[in-house]
Every structure is written in structure tokens, then in C-alpha cells.
Amino acid sequence: MKKQTARIIVSVAGVATIVLMYVFFNQPQIILGIDIVLGALILLAARGRQYISCYAIAFIVLPIILDIPGTHLGLWSFGTPDFFGFPYWLPFFYGNLATSFLYVALTKQGRG
């Protein structure tokens, strides 16, 4: 796949992750399915060990740093908490965004 085509796919999938999360916010099963499909699309288009590592780190670390403390301190809450006070789809959401941002940034610099 050409880098230009892959960059468009990853960019559109990253934006779609955000937009569809807002559209289907009260339907967590749909968001989870969409995030899994978009994550697979991003990782297939990006193709690289650094992108898989970025996805895994964002998947694990960002909910721990951002959401577990906030929900347990009562700063915010989710309508459908499923796991430690945040929805199941949230790690996939973070993984998709972090990986798409990294891919676009590195290919823009010519290093991706």
C-alpha cells in the first residue's frame, strides 16, 4: 500500500473514531465494535512494530493515568461504567487515537 493511501486511511479512521464515539455515545456495544474495526484498519494500514507498541501502550496506560483516578475521585463518571469505572470501549478509543496521531506525525516528517 502506498504511504499516501495509508496516511489517508489512518487519518480518516482516526477522525471517524472521534466522530462515531460522539454519535453513538449512549450505545457502548456499537462504539466497542466500531473501535475494534477501526483499530484493526489503522494497524493494517500503518504496518509497523512501533505502531503496535503505541497501540498497546495507549490501550493500557492511558486509561490508568487518565480515567481510573478521575472516576475514583469522583471528578467525572461514565453513564455505563464497565471496568474500574470506565467503559470497555475506552482503551480501544485511546489506542486508535494515539496510533493514528503517531502514524500521521511520522509520515508527515518522512520517518514513518
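Residues numbered from 1 in each chain as written. Predicted model: local features only at pLDDT ≥ 70, side-chain atom pairs only at ≥ 80, totals over all residues. Heavy atoms only, no water.

Participant: Would you explain the packing of aromatic side chains in this entry?
Facilitator: Aromatic ring pairs are described here by two measures, namely the spacing of the ring centres and the angle between the planes. Applying the stated rule across the entire model yields 6 aromatic pairs. Taking the centre distance of 5.2 Å and the plane angle of 65° together, the rings of tyrosine 51 and tyrosine 103 count as edge-to-face. Here the residue tyrosine 51 occupies a position in helix α3 (residues 49-72), and tyrosine 103 occupies one in helix α4 (residues 89-109), the gap between them amounting to 52 residues. Tyrosine 103 matches tyrosine 51 in its accessibility class, with the two residues each being buried. Three or more aromatic residues joined by ring pairs make a cluster, and in this case those are Phe25, Trp89, Phe93 and Tyr94. (Phe/Tyr/Trp six-rings, centres within 6.5 Å; stacked < 30°, edge-to-face > 60°. Helix = DSSP H or I, 4+ residues; strand = E, 2+ residues; numbered from the N terminus. Buried < 20%, exposed > 50% of the residue type's maximum accessible area, 1.4 Å probe, protein only.)

Participant: I would appreciate a short explanation of the nonpolar core in the present structure.
Facilitator: Side chains that are nonpolar tend, in soluble globular proteins, to be buried together. Core analysis: the largest hydrophobic core is formed by 11 residues, namely Ala6, Val10, Ala13, Ile34, Leu38, Ile42, Ala45, Ala46, Tyr51, Tyr103 and Leu106. Going through the elements one at a time, α1 (3-23), α2 (28-46) and α4 are the ones with two or more residues in this core. Looking at which element gives the most residues to this core, the answer is α2, with 5 residues. Within the second largest apolar cluster, 9 residues are counted, among which are Ile31, Phe78, Trp89 and Leu90. (Core = buried A, V, L, I, M, F, W, Y, C linked by side-chain atoms within 4.5 Å.)

Participant: Is there a simple way to explain unusual backbone geometry in this structure?
Facilitator: Outside of glycine, negative phi angles account for most residues, and trans bonds account for most peptide bonds. Although it is not a glycine, arginine 47 adopts a positive phi angle of roughly 50°. Topologically, arginine 47 is positioned in the loop between α2 and α3.

Participant: Please explain the packing of α3 against α4 as it appears in this structure.
Facilitator: Running from amino to carboxyl end, α3 crosses α4 at an angle of 130°, the nearest separation of the two axes being 8 Å. Regarding the angle of α3 to α4, the classification is oblique. Read as a crossing pair, α3 and α4 show a hand that is right-handed. Along its contact with α3, which presents Gln50, Tyr51, Cys54, Tyr55, Ala58, Phe59, Leu62, Pro63, Leu66 and Asp67, the element α4 presents Leu90, Pro91, Phe92, Tyr94, Gly95, Asn96, Ala98, Thr99, Leu102, Tyr103 and Leu106. Residues of the contact of α3 with α4, tallied by class, amount to 16 nonpolar, 4 polar and 1 charged. (Axes fitted to C-alpha atoms, helices over the stretch in contact; angles between N-to-C directions. Parallel < 35°, antiparallel > 145°, perpendicular 65-115°, else oblique. Left-handed = near helix turned anticlockwise from the far one by under 90°. Contact = heavy atoms within 4.5 Å. Nonpolar A, V, L, I, M, F, W, Y, C, P; charged D, E, K, R; others polar.)

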